[in-house]
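Given next are the chains, with one letter for each unit.
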Amino acid sequence: MNAKEALAFAKKNDCVMVDLRFTDFVGTWQHCSYPIDFIDEDVFENGQGFDGSSIRGWQAIDESDMLMIPDPSTAFIDPFYKHKTLVMICDIYDPITRERYARDPRYIATKAETYLTQSGIGDTAFFGPEAEFFVFSDVRFSTGSDHGYFSVDSPEASWNSGAEEPGGNLGYKVRAQEGYFPTPPTDTLQDLRSEMCMVMKDLGITIEAQHHEVATAGQCEIDMKFSPLRDMADQVIKYKYAVKNVATANGLSATFMPKPVFEGNGSGMHCHQSIWKNGDPLFAGDGYGGFSDLGLHYTGGILAHSRALAAFTNPTTNSYKRLVPGYEAPVNLALSSRNRSASCRIPMYSNSPKAKRIEVRYPDPTANPYLAFSAMLMAGIDGIENQISPGDPLDKNIYALSAEERSNIASMPGSLEEALTCLEEDHDFLLKGDVFTEDTIKSWIDYKRESECDPVRLRPHPHEFELYYDI
């Protein structure tokens, strides 16, 4: 869809508003709306101005003016607004130089795809993320100088098995770590997930499956069909938008926090990925797991740089409440086929060459998909270019290994601060093709430390009172 077609599409659908959106540094959609009569073809050339200093991790106040220029190919009708509104995703430009903005996540994804093509390795990087989330019926949290607490609830949570409920407690609660695939009445969210799927379909997203996930208290998963890197990042942002708004419309609240429930399984975003060239898959071969040397070297690059990748794939302090041994969270860096305790897995559901892909299991859905997908692709390309071996496959339950056996396996960082330090020490592979810039990486590290690590580190934790108050 070009500019003229996008505006004709809006007119045909009786739109009265146009919503221009972009993804900020952290990974949240931002938007501004305009009456339909205010938008013409000129906006696709000259864009609309906004204050870049008010966007997290972007411009200083003395250089705040920025432009958002809509991509007409992304046009869709918002399913939640009362008044018919055309939505378009924007790219960010500097109004003085008229150049793309280096910290625009969507631009980074564009450059990553371009670099893949220029490398001669392939022309398409497919990504298929599995973003998990929780749906709660009540969410409360607050922090201050004198207090700090959170409370979440779900009618299907195991802790409500003895609760007094209107009309009586009917049981059918999801036992801890037993929420995978139950039917209703235990699964209370089937219709909600189906509604989410229907909305996503209207947004142009192809859905493959939806189901309840392992944890109690409303953990869910909806799977999208794989797509090229930047397009899939666009879809992940729309996916999260649909999940949150459908839940809210039904009096519920959805969160993509990796670990909102203590002692329960966390929410991950396993990322299936492969490289193709001229319509042919490049990961299929005669090697381990039916992989080609190229596919194994791609995986070797992922494993070699995983500790640095964590700063983008697991970018919150809460991410590291999930990345602990157990609960199916892949802390240890190893390759395996079928084994879900490995951080990189080769799914064995099909022998078709088109189905051969690597599943990177440690990312979580707080990741900015443009940055996380781009960083993983650059790590994989580095592995191919330098023929990095993924090491011997580990076809054992990693968590059942002895301490001595585990000591030989590299592990993910234990905190966001550690992940940021790893990124400081290992990011040359991200600079190739100017995909990531030194400024972008430094800005990311500085923002995360100042806005997330330090505020969490400075606050007393409620459990510390249980541990230390009477000492």
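Below is a short write-up of the structure. (Residues numbered from 1 in each chain as written. Predicted model: local features only at pLDDT ≥ 70, side-chain atom pairs only at ≥ 80, totals over all residues. Heavy atoms only, no water.)

With that settled, consider the side chain of Ser 292. Among the structural elements, Ser 292 can be located in the loop between strand S15 (280-281) and helix H6 (293-304). Residue Ser 292 is classed as buried on the basis of its relative accessible area, which comes to 12%. Among the polar contacts listed, one links the side chain of Ser 292 to the backbone nitrogen of Gly 295, at a separation of 3.1 Å. Apart from residues no more than four positions distant in its own chain, Ser 292 is found in contact with Leu 282, Phe 283, Ala 284 and Gly 285. (Helix = DSSP H or I, 4+ residues; strand = E, 2+ residues; numbered from the N terminus. Buried < 20%, exposed > 50% of the residue type's maximum accessible area, 1.4 Å probe, protein only. Polar contact = N/O pair within 3.5 Å; in protein donor to acceptor, adjacent residues only side chain to side chain. Contact = heavy atoms within 4.5 Å.)

Time to look at the pairing of strand S9 (residues 147-153). Pairing of strand S8 (residues 138-144) with S9 involves 7 bridges; the strand directions are antiparallel. Looking at S9, one finds that Ser 142 is bridged to Tyr 149. Connecting the antiparallel pair S8 and S9 is a turn made up of 2 residues. (Pairing = 2+ DSSP bridges.)

Here we come to unusual backbone geometry. Note that the residue after Pro 184, namely Pro 185, is joined by a cis bond; omega there is 10°. With phi around 75°, Phe 181 is a residue other than glycine that occupies positive phi space. Mapped onto the elements of the fold, Phe 181 is located in the loop between S9 and helix H4 (190-202). Within the chain, Asn 278 stands out as a residue other than glycine whose phi angle is a positive 55°. Mapping Asn 278 onto the fold places it in the loop between strand S14 (269-277) and S15. Here Asn 278 falls in the exposed class, since its relative accessible area comes to 63%.

Turning to the layout of surface pockets, a few remarks are in order. Reported here for the second largest pocket is a volume of approximately 800 Å³. Looking at the second largest pocket, it is lined by 39 residues, and the ones nearest its centre are Glu 130, Glu 221, Asp 223, His 272 and Glu 359. Residues belonging to the lining of the second largest pocket are distributed by class as follows: 13 nonpolar, 10 polar and 16 charged. (1 Å grid on protein atoms, 1.4 Å probe; cavity = no way out; pocket = protein on both sides within 12 Å on 5 of 7 lines; lining within 4 Å. Points joined across faces, edges and corners; volume = space filled by probe spheres on them. Nonpolar A, V, L, I, M, F, W, Y, C, P; charged D, E, K, R; others polar.)

A separate point is empty space enclosed by the protein. One way to see where empty space is left: roll a probe the size of a water molecule over the atoms. The final tally for this structure, using the stated rule, is 1 cavity of 30 Å³ or more. Of the voids in this model, the largest cavity is the one considered here, and its volume is about 30 Å³. Lining the largest cavity, in full, are Phe 22, Thr 23, Ile 89, Cys 90, Asp 104, Arg 106 and Tyr 370. When residues of the lining of the largest cavity are traced back to their parent elements, those giving at least two are strand S1 (17-23) and strand S6 (85-93).

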